[in-house]
Amino acid sequence: MQRNSAPAQPPASYAVPVRPLRFADGLLPEIAAEVAVEAPVNIVYGSLPYAVMMASPADLEDFVAGFSLTEGIIRGVDEIRDIVVTPKEEGIEVAVELAPGRFREHLARRRNLSGRTSCGLCGVETFDEVPLAAQRIGEEPPLSLGAIHAALEALTRHQPLNRLTRSVHAAAWCDRDGTILAAREDVGRHNALDKLIGARLRAGQGAGGGFVLTTSRASFEMVEKTAIFGAAALVTISAPTSLAIERARKLGLTLVSVARDDAAILFAGELAEELETEAR
């Protein structure tokens, strides 16, 4: 797949004047606060618009590559011939050129998504259109408690946009000892995960030998995206939904949620009980 040079995209954050307040003291003097940029991103396959998603305007090539996989539009990154990002007055257009055979199949299966950062199943009209992982996750050694602990302790160092704005999600790829190898941020939790998956795909790296860590809750869609990518484990900061637990168990995905520096809850799968990795 062709790698494009980075286009002139909008900044991921900018400063706005605000008035802090303390209930005991009232309004304080004006200061500048960084806010996360949320922009409409129009994803176009060939010449046909497919979705308008609200997203952070960074790592958009990664976002669209991961989105294309987890939406079932492609089976592998080699089916993407080119990605072109074009800032426009009303938003950002990302044009994707698919391999000819894949584009023909895409034409036979289309759904329209409205621009929401929380969108997971927007535009799905029947149950048959829901993107699902095709098979159970392959067997991998159980994840260790120490690896989860190490990744959680390191996560904030991989969230520069959130340190500025306190308003974006992160998704990280961690190796089996908890070292974070890649991380992506976005105003939407699905977008952050798609960006992470796309980054791994575009770098020629798969889903073996590691796990996904996200700052969001574990929803059905987050479990499905992780499983479609092929990762064996998902760790989330917030709690899971009932359907997320059911799907994780059916797919053989290890699901650890309500993850904190000192505790977490195992909802699906197995873990190695010994602390194999020293927390960093």
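Conventions used here
- Residues numbered from 1 in each chain as written.
- Predicted model: local features only at pLDDT ≥ 70, side-chain atom pairs only at ≥ 80, totals over all residues.
- Heavy atoms only, no water.
- Salt bridge = Lys/Arg side-chain N within 4 Å of Asp/Glu carboxyl O.
- Helix = DSSP H or I, 4+ residues; strand = E, 2+ residues; numbered from the N terminus.
- Buried < 20%, exposed > 50% of the residue type's maximum accessible area, 1.4 Å probe, protein only.
- Core = buried A, V, L, I, M, F, W, Y, C linked by side-chain atoms within 4.5 Å.
- Contact = heavy atoms within 4.5 Å.
- Axes fitted to C-alpha atoms, helices over the stretch in contact; angles between N-to-C directions.
- Parallel < 35°, antiparallel > 145°, perpendicular 65-115°, else oblique.
- Nonpolar A, V, L, I, M, F, W, Y, C, P; charged D, E, K, R; others polar.
- 1 Å grid on protein atoms, 1.4 Å probe; cavity = no way out; pocket = protein on both sides within 12 Å on 5 of 7 lines; lining within 4 Å.
- Points joined across faces, edges and corners; volume = space filled by probe spheres on them.

*Asks:* Before we go on, may I ask you to explain the pattern of salt bridges in this structure?
*Replies:* Side chains carrying opposite charge are able to pair once their charged atoms draw close together. Taken as a whole, this structure holds 10 salt bridges when the rule is applied. Of the charged contacts in the structure, one is a salt bridge between arginine 102 and glutamate 79, with a shortest N-O distance of 3.1 Å. Of this pair, arginine 102 sits in helix 2 (residues 100-107) while glutamate 79 sits in the loop between helix 1 (60-70) and strand 7 (80-88); the two residues are 23 residues apart in sequence, bridging distant segments of the chain. Glutamate 79 matches arginine 102 in its accessibility class, with the two residues each being buried. Put simply, aspartate 186 and lysine 195 hold a salt bridge, and the shortest N to O gap is 2.7 Å. In terms of burial, aspartate 186 and lysine 195 fall into one category: buried. Linked by salt bridges that have partners in common, Asp59, Asp62, Arg184 and Arg202 make up one network.

*Asks:* What am I meant to see in the nonpolar core here?
*Replies:* It is characteristic of soluble globular proteins that their nonpolar side chains tend to be buried jointly. Residues Ile43, Tyr45, Phe63, Phe67, Val94 and Phe229 are the most contacted members of the largest nonpolar core, which totals 51 residues. Top contributing element to this core by residue count: helix 1, with six residues. If we ignore the near neighbours within four places in the chain, the residues touching valine 94 are Val41, Asn42, Ile43, Val44, Leu60, Val64, Ile83, Val84 and Val85. Judged by nonpolar contacts, the second largest core, of 18 residues, contains Leu152, Leu155, Ala233 and Leu271.

*Asks:* What exactly am I supposed to notice about the packing of helix 1 against helix 5 (residues 189-202) here?
*Replies:* Packed helices, taken two at a time, are described by the angle between their axes plus the distance between the axes. Contact geometry of helix 1 with helix 5 gives a least axis separation of 6 Å together with a crossing angle of 95°. By the angle between their axes, helix 1 is roughly perpendicular relative to helix 5. Of helix 5, the residues touching helix 1 (which contributes Glu61, Asp62, Phe63, Ala65, Gly66, Phe67, Leu69 and Thr70) are Asn191, Asp194, Lys195, Ile197, Gly198, Ala199, Leu201 and Arg202. For the contact of helix 1 with helix 5, the per-class residue count stands at seven nonpolar, four polar and five charged.

*Asks:* When you look at the layout of surface pockets in this model, what are you seeing that I'm missing?
*Replies:* Gaps left between atoms show up when a probe the size of a water molecule is rolled over them. Within this model, the second largest pocket holds a volume of roughly 280 Å³. Looking at the second largest pocket, it is lined by 18 residues, and the ones nearest its centre are Glu139, Glu140, Gly252, Thr254 and Glu270. Tallied by class, the residues present in the lining of the second largest pocket amount to seven nonpolar, five polar and six charged.

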